[in-house]
Amino acid sequence: MIELKDLSYVRFGTSNLEDAESFATKCLGLQVGEQSGKALYLRSDDRAHTLCYFEGDPAEQTVGFEVDDEAQLDAAAATLDQLGHPVHAGTAGECASRKVKAFIGFKDPSGNHIELVVRPERSGKRYFGSRDAGITGFSHVGLFTSDPARDERFWTQVCNARVSDRIGDVALMRVNAIHHTIALAPGPKAGVHHVNHQVESNDDVLRSYYHLSEKRVPIVFGPGRHPTSGARFLYFRGPDGMVFEYSIGVDEIEDEDTHRPRQFGFEPSSLCMWGSKRNW
Ligand SMILES: O=C(O)c1cccc(O)c1O
Ligand SMILES: [Fe+2]
């Protein structure tokens, strides 16, 4: 069993680093940790980075998860190899560009690029956002899936994810107490469906709604409230069409042993209990 501890980062190729920086700082509200030539490292918490934009093809999208140590990494590589997922061991240069001690890369059954990392770098400096968006951290990703049932099996049987709730056949899965860290989203191609950051309060969600509207950032869903996690949310579009979500008040699963996933219908009211309609 591959024991995922936490999300570590997302890495996105972009054709225009300047636009990505402008969005990430002026709209999303992350902090530039480092800008090194062709890569921009952005912070949302006490880590050195949780989002990296690099000069490249926007179709290059990778999600990194932390595992405990190099022994776990080796065991994960053996498991994946045995299941027929080719595994790439990060070179020294690739580790440096991810600010980790070691990592392996592979594709999940839908073809999403996943990395498992050991010892992601922290910063001694506290996170100080470039605008007052109220971000308190990087919380979950949506991953496209071409077969929700198959991918749920991969994340829960090969890895340690547990299903917190389902909307239709689509699973919201946790790897720790937080309601979900991985959400599967049916779609035609592999890649990241959305990137979630938590904010401090309801006020931050609504403040951002006005701030982003004023900046002509396309709002694609919300403000609303998810019946599943209970979170109040706002989704908006960033560089290369990527969707970002702010949310506040995601439930924690109190009892790991007794929690049973709830089944919600595949319908709009399962995504927003206030009646907001998704516009993407
Ligand atoms: O927070 C949630 O419950 C949620 C539900 C559906 C889709 C999402 O992106 C979510 O974050
Ligand atoms: Fe989400």
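Scoring rules and cut-offs
Residues numbered from 1 in each chain as written. Chains lettered and ligands numbered in written order. Predicted model: local features only at pLDDT ≥ 70, side-chain atom pairs only at ≥ 80, totals over all residues. Heavy atoms only, no water. Donors = N, O, S within 2.8 Å, 3.2 Å for Na, K, Ca; no water. Helix = DSSP H or I, 4+ residues; strand = E, 2+ residues; numbered from the N terminus. Buried < 20%, exposed > 50% of the residue type's maximum accessible area, 1.4 Å probe, protein only. UniProt positions renumbered as here; feature names shortened; annotations may be inferred. Near = heavy atom within 4 Å. Polar contact = N/O pair within 3.5 Å; in protein donor to acceptor, adjacent residues only side chain to side chain. Areas by Shrake-Rupley, 256 points an atom, 1.4 Å probe, with all protein chains shown as cover. Nonpolar A, V, L, I, M, F, W, Y, C, P; charged D, E, K, R; others polar.

An unreviewed UniProt entry lists the chain under the name VOC family protein, with Bradyrhizobium diversitatis given as the organism.

Asks: How would you explain the coordination of the iron ion (ligand 2) if you had to name every residue and give the values?
Replies: Angles between donor atoms at a metal ideally measure 109.5 degrees for a four-coordinate tetrahedral arrangement and either 90 or 180 degrees for a six-coordinate octahedral one. The protein atoms that coordinate the iron ion (ligand 2) are His140 (NE2), His194 (NE2) and Glu245 (OE), at distances of 2.0 to 2.2 Å. Within one chain, the residues serving as donors to the iron ion (ligand 2) are arranged as H-x53-H-x50-E. Taken together, the positions of His140 in strand S9 (residues 135-145) and His194 in strand S13 (residues 192-199) put the pair 54 residues apart, joining distant regions of the chain. Each member of the pair, His140 together with His194, is buried.

Asks: Any details on the UniProt feature "domain: VOC" (unreviewed entry) in the chain? Residues and values, ideally.
Replies: The feature "domain: VOC" (unreviewed entry), as given by UniProt, occupies residues 6-119 and 137-249 in the numbering adopted here. Strand forms 46% of residues 137-249 and helix 21%; the C-alpha atoms that close the span are 13 Å apart.

Asks: Any chance you could break down the site of ligand 1 for me, citing the residues and the numbers?
Replies: If you check the shell around ligand 1, you find His140, Ile167, Leu172, His180, His194, His226, Thr228, Ser229, Tyr235, Glu245 and Leu271 and nothing else. One of the side-chain N or O atoms of His194 is found 2.8 Å from an oxygen atom in ligand 1. Computed on the free molecule, ligand 1 has an accessible area of 290 Å², of which 93% lies beneath the protein chains in the complex. Class assignment for the residues of the shell around ligand 1 results in four nonpolar, six polar and one charged.

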